[in-house]
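# Examining the three-dimensional arrangement
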Amino acid sequence: MAKTTPSAHAHRKDEHLAIAEKRFKTAASAGFDQVRLIHRGLPELDQNDIRMKSQFGDLSLDWPFYIEAMTGGSPRTGIINEQLARVAAASGIAMAVGSQSIAISEPEQLKTFKTVRENNPNGVIFANVGAGVSVAVAQQAVEMIQANALEVHINSVQELIMPEGDRNFHWLARLTNLINAVDVPVIVKEVGFGMSRETAVQLEQSGIKYVNISGRGGTNFAQIENERLVDHHLDYLSDWGQTTVESLLELQKTPLHVAASGGVRTPLDVIKSLVLGADAVGVAGYFLHELMTNGETALLALIQQWQQDLRKLYLLAGCQTTAELRQAPYILSSNLLSYRQQRQF
Ligand code: FNR
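The rules behind these values
- Residues numbered from 1 in each chain as written.
- Predicted model: local features only at pLDDT ≥ 70, side-chain atom pairs only at ≥ 80, totals over all residues.
- Heavy atoms only, no water.
- UniProt positions renumbered as here; feature names shortened; annotations may be inferred.
- Axes fitted to C-alpha atoms, helices over the stretch in contact; angles between N-to-C directions.
- Helix = DSSP H or I, 4+ residues; strand = E, 2+ residues; numbered from the N terminus.
- Parallel < 35°, antiparallel > 145°, perpendicular 65-115°, else oblique.
- Contact = heavy atoms within 4.5 Å.
- Nonpolar A, V, L, I, M, F, W, Y, C, P; charged D, E, K, R; others polar.
- Buried < 20%, exposed > 50% of the residue type's maximum accessible area, 1.4 Å probe, protein only.
- Pairing = 2+ DSSP bridges.
- Right-handed = clockwise from strand over helix to strand, strands pointing away.
- Core = buried A, V, L, I, M, F, W, Y, C linked by side-chain atoms within 4.5 Å.
- Phe/Tyr/Trp six-rings, centres within 6.5 Å; stacked < 30°, edge-to-face > 60°.
- Lys NZ or Arg CZ within 6 Å of the ring centre and 35° of its normal.

Taking an unreviewed UniProt entry as the reference, the protein is identified by name as Isopentenyl-diphosphate delta-isomerase belonging to Furfurilactobacillus curtus. Per UniProt, the protein has the following entry under Function (unreviewed entry): "Involved in the biosynthesis of isoprenoids. Catalyzes the 1,3-allylic rearrangement of the homoallylic substrate isopentenyl (IPP) to its allylic isomer, dimethylallyl diphosphate (DMAPP)." Within the UniProt record for the protein, the comment given under Subcellular location (unreviewed entry) is "Cytoplasm".

Moving on, we come to the packing of helix 2 (residues 75-91) against helix 12 (residues 285-294). Put simply, helix 2 and helix 12 touch, their axes get as near as 12 Å, and they point 105 degrees apart. Viewed along their axes, helix 2 and helix 12 adopt a mutual orientation that is roughly perpendicular. Contact residues: Arg76, Ile80, Gln83 and Leu84 in helix 2; Leu288, Leu291 and Met292 in helix 12. Its residues assigned to classes, the contact of helix 2 with helix 12 comprises five nonpolar, one polar and one charged.

Looking now at the pairing of strand 10 (residues 257-261). Extensive coverage of strand 10 is indicated by the burial of four of its five residues. The sheet contact formed by strand 9 (residues 210-212) and strand 10 spans three bridges and is parallel. Following the sheet pairing, Tyr210 is matched in strand 10 by His257. The sheet contact formed by strand 10 and strand 11 (residues 280-283) spans three bridges and is parallel. Following the sheet pairing, Ala259 is matched in strand 11 by Ala280. Considered for its hand, the β-α-β crossover made up of strand 10, helix 11 (residues 267-275) and strand 11 is right-handed.

To continue, consider the nonpolar core. If you look at the biggest cluster of nonpolar residues, it comprises 95 residues, and the most contacted ones within it are Phe65, Leu150 and Phe287. Sort the elements by how many residues they give to this core and helix 13 (residues 296-316) lands first, with eight residues. Look past the residues within four positions of Phe287 in its chain and what remains in contact with it is Phe65, Tyr66, Ile67, Leu299, Leu302, Ile303 and Trp306. Core analysis: the next-biggest nonpolar cluster, separate from the first, contains 13 residues, Leu61, Ala96, Ala149 and Ile187 among them.

In the structure shown here, the tally under the stated rule is nine aromatic pairs. Arranged with centres 5.2 Å apart and planes meeting at 70 degrees, the rings of Tyr66 and Phe126 form a pair that is edge-to-face. Remark: Phe126 occurs in strand 6 (residues 125-130) and Tyr66 occurs in strand 4 (residues 65-67); sequence separation between them is 60 residues. A single burial state applies to Tyr66 and to Phe126, both of which are buried. On the numbers, 6.4 Å between centres and 55 degrees between planes, the contact of Tyr286 with Phe287 is tilted. Phe287 gets classed as buried once you look at its relative accessible area, which sits at 0%. Its guanidinium or amino end placed over the ring of Phe24, Arg265 lies 4.4 Å from that ring's centre, counting from NZ or CZ.

Structure (structure tokens):
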């Protein structure tokens, strides 16, 4: 993890939040418009029979989408975490916190994460650390919020753009150590640049069972980190990586349990992700935007609307359960077909 002075580290959390929100409207496509589901005019289902629970490996989720990792680590982001936690508790969806290393190096920031468990005592909560942390830090992150799973983010692009970022990326052996030492599921998570089949094979061979492909097309950390720089000279990296849809195609034959995130903005994006192979779908920037623009009550109403809408979409796709969606037919655009052919899968 990047080395900065305590206040600079907390300040960076505030900057990420502010720039992500500022850049929200400039996001590129995550590829969902290039996937079409097939309409089932005779679903032979009653909307009340739809079951949206999802099994993400050993994790049982009441809803197939959740609030993805964003924040904590400064007074301002602590308030955001508290609001997100209340919304997660009221709607019953799972929630991830942002990177917790700061709470270990700066104990005065502990409360900005603990509030998430305090406000959502019975919910499914994911802890979050970077791949460079020690086993002890990972264990403390899980304990801090009695997490049900631990996300370990792999953020090489972000680190390389940050002048103060890491330059050593020998992460695989560390990840293997973490899964052996932490007693909740460990999800290896990208941060918006997508995941390739080659990365999935490396992870699988190292004993990893859960990934989050977090693809390009939503919040873009190349843009965010460049905006924090004076010279912006790595701006061109904004195009780097695989979109969320490309990443889901990349991982279709993997035995890994897959979560998707990156540019998810509608319930239709959620079910397209599930059809393409995801077990769970994370939403960060879009929910943050609603919270920061319209407040906590509006975010809760939006999530409840998504919950109702998903029921309708399962029905239109002719699927009664989340598991059935995995068998639903779909059509890819010629661009995606070409992508898949060139990648030979
Ligand atoms: C993030 N994201 C993130 N991810 C992570 O694993 N640890 C973190 O600390 C953060 N911090 C963070 C801050 C802010 C303000 C945002 C918006 C996002 C990345 C996030 O979890 C997700 O992978 C990407 O944002 C892509 O999803 P969206 O935003 O396009 O839905």
